[in-house]
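Chain by chain, the residues:
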Amino acid sequence: MPIAIPPPIRPWVPPAESRADVQWANLRTIDLSKFDSPDEVERERMYGEFKQAVKEDGFLYLVNFGLTDEQILRQFAIAQHALIDGNITPEERERLQWNFSETGKYTGYKPRGYWDIAKGVKDNVESFNYYSETLTDGDHLPHCLRPYIGEVTSFNEASGVLRFLHDVVNRKLLALLSRMLELPDDYFWERVQSHNGSIGEGYFRQMMFHPKTPEEMKAAGGVQMHGHQDYGVTTLLLSQPVAALQVLTRDNEWRYVKYKPGGMIVNLGEVLEFISGGHLPATRHRVTACPPDQSHEYRLTIGLFTAAKNEFPLAPLTDSPLLAREGFVERFVPGADGVVDATKIPSAEEWRIARVLRSQTMPEDVVEIKGTKYNRQYFKGIYVLEPI
């Protein structure tokens, strides 16, 4: 049987990098090819650099992780075909619109104007979001994306990337993170990471930020997405040139994340923050105004957000020698009855649903403990402390 050839689409040409004088975050670059180096000294040096990046920055660049420039450009071309070129039909936009308030998931099409960014100002973001159950051809996808879904997800396609990112790149990252807690390398992959479906309980997102005028950005307070942590395990973003992503650095300053050609940006989610007792931090980040020389550009982002097993409890890992020796920050504090027990600590699924339901909402109950500010969330009779 002949193999169907997808219709040609417009290539994605990366926009020019900004030359504006802005504050860039000084993030470390990790060469993941050294994970498999036959040279033990080289492997240990890479691990040491990774460990420092996680502990001090919470964000890092990843290079030489296994995808070619051609594969990366192709993924941006597919997202461009759907979002910038406007090939999702009006009927599909309505029929496939996400309904996270009922499902607890971001599945489907997100239209512009869904979130309140400032008083009287809505967001300017469009996206399409996939979960394991929708990473196949069918009516749950717009027609414009169906011919290319194999390229997005399958190991069997010449340029498929998603399963590779999830099962190869993410697995190596989890091995390094397990090692940081002095646990076996396969601990997080086997015990924490979800595996039902091609990307477990995580999701894959193609997102586009529409250009805004200076006046529109001023009305929005210079922000396109409010500061937040990701709720899952790890986040893997393919790097692209239009600057707007900012990370909150250790000196409490927001700084832009610079483009890393052929690279990826990695950060940790709240699941790892909770179960590591703060040793693996989920760093706060936001999307702000582009530099002036890029304000006219459409900003495409492509990311994989991995997730823990639904039933996994988010309590600190008492079997970690590091936590046993050095202690940990308890993120769960008693409510009115003064008790925190296993029945009240949220599972990964419960926390995911709670976080999805309050997407892009500002902190409402800020408390300070030992010099660190937290957003205190009431949950099942206890308070959950989210670092802000």
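Criteria and cut-off values
- Residues numbered from 1 in each chain as written.
- Predicted model: local features only at pLDDT ≥ 70, side-chain atom pairs only at ≥ 80, totals over all residues.
- Heavy atoms only, no water.
- Pairing = 2+ DSSP bridges.
- Helix = DSSP H or I, 4+ residues; strand = E, 2+ residues; numbered from the N terminus.
- Axes fitted to C-alpha atoms, helices over the stretch in contact; angles between N-to-C directions.
- Buried < 20%, exposed > 50% of the residue type's maximum accessible area, 1.4 Å probe, protein only.
- Contact = heavy atoms within 4.5 Å.
- 1 Å grid on protein atoms, 1.4 Å probe; cavity = no way out; pocket = protein on both sides within 12 Å on 5 of 7 lines; lining within 4 Å.
- Points joined across faces, edges and corners; volume = space filled by probe spheres on them.
- Nonpolar A, V, L, I, M, F, W, Y, C, P; charged D, E, K, R; others polar.
- Core = buried A, V, L, I, M, F, W, Y, C linked by side-chain atoms within 4.5 Å.

Engineer: Can you walk me through the sheet that holds strand β10 (residues 245-248) in this structure?
Structural biologist: Backbone hydrogen bonds are what pair the strands of a sheet, in a parallel or an antiparallel way. Pairing in this open sheet of four strands is antiparallel, and the strands run β8-β13-β10-β11 from one edge to the other. Strands with a single pairing partner mark the edges of an open sheet, and in this sheet they are β8 (223-228) and β11 (254-256). Looking at each pair of strands side by side, their axes are set apart by 25° on average, direction ignored.

Engineer: Sorry, what's going on with the pairing of strand β14 (residues 299-305) here?
Structural biologist: On a regular strand, each side chain points to the face opposite its neighbour's, so the side chains alternate between the two faces of the sheet. Burial analysis of β14 places seven of its seven residues in the buried class, the great majority of the element. What you see with β14 is no split at all: Arg 299, Thr 301, Gly 303 and Phe 305 on one side and Leu 300, Ile 302 and Leu 304 on the other are buried throughout. Pairing between strand β7 (residues 203-209) and β14: seven bridges, direction antiparallel. Along β14, the bridge assignment pairs Phe 204 with Leu 304.

Engineer: Just checking my understanding: could you explain the environment of Ala 243 for this structure?
Structural biologist: Within the secondary structure layout, Ala 243 lies in the loop between β9 (234-238) and β10. Residue Ala 243 is classed as buried on the basis of its relative accessible area of 4%. Every residue in contact with Ala 243, bar those within four places of it in the chain, is listed here: Trp 24, Tyr 256, Ala 289, Cys 290, Pro 291, Gln 294 and Arg 299.

Engineer: Any chance you could explain the sheet that holds β14 here in plain terms?
Structural biologist: The strand order β1-β2-β12-β9-β14-β7-β6-β3 describes an open sheet built from eight strands, whose pairing is mixed. The sheet is open, and its two edges are formed by β1 (29-31) and β3 (108-110), each paired on a single side. For this sheet, the mean inter-axis angle between neighbouring strands, taken without regard to orientation, is 25°. Relative to β7, strand β6 (residues 125-131) runs antiparallel, the two being bridged by seven bridges. Bridge pairing in β7 links Tyr 130 to Phe 204. This element, helix α2 (residues 69-82), spans β7, β9 and β14 of the sheet and lies at about 110° to β14. Of the strands in this sheet, β2 (59-63), β7, β9, β12 (264-268) and β14 are in contact with helix α6 (residues 162-180), which crosses β9 at around 130°.

Engineer: Explain empty space enclosed by the protein to me, please; I cannot follow it from the model alone.
Structural biologist: Regions of empty space are outlined by a rolling probe, equal in size to a water molecule, passed over the atoms. This structure, assessed with the given rule, holds three cavities of 30 Å³ or more. Empty space within the second largest cavity amounts to approximately 70 Å³. Around the second largest cavity sit Glu 201, Tyr 231, Gly 232, Val 271, Ala 307, Ala 308, Asn 310, Ala 348, Glu 349, Trp 351 and Arg 352, which together line it. Per-element accounting of the lining of the second largest cavity gives the leading share, four residues, to helix α11 (residues 348-357). The class makeup of the residues in the lining of the second largest cavity is six nonpolar, two polar and three charged.

Engineer: Would you explain the nonpolar core in this entry?
Structural biologist: Across soluble globular proteins, you tend to see nonpolar side chains buried next to one another. By size, the foremost hydrophobic cluster in this structure holds 100 residues, and its most contacted members are Leu 62, Phe 65, Val 169, Leu 177 and Phe 188. With residues up to four places along the chain from it excluded, the contact list for Phe 65 reads Leu 32, Ile 72, Phe 164, Leu 165, Val 169, Leu 238, Gly 262, Gly 263 and Met 264. Counting residues in hydrophobic clusters, the runner-up holds nine residues, among them Ala 25, Leu 245, Val 247 and Val 257.

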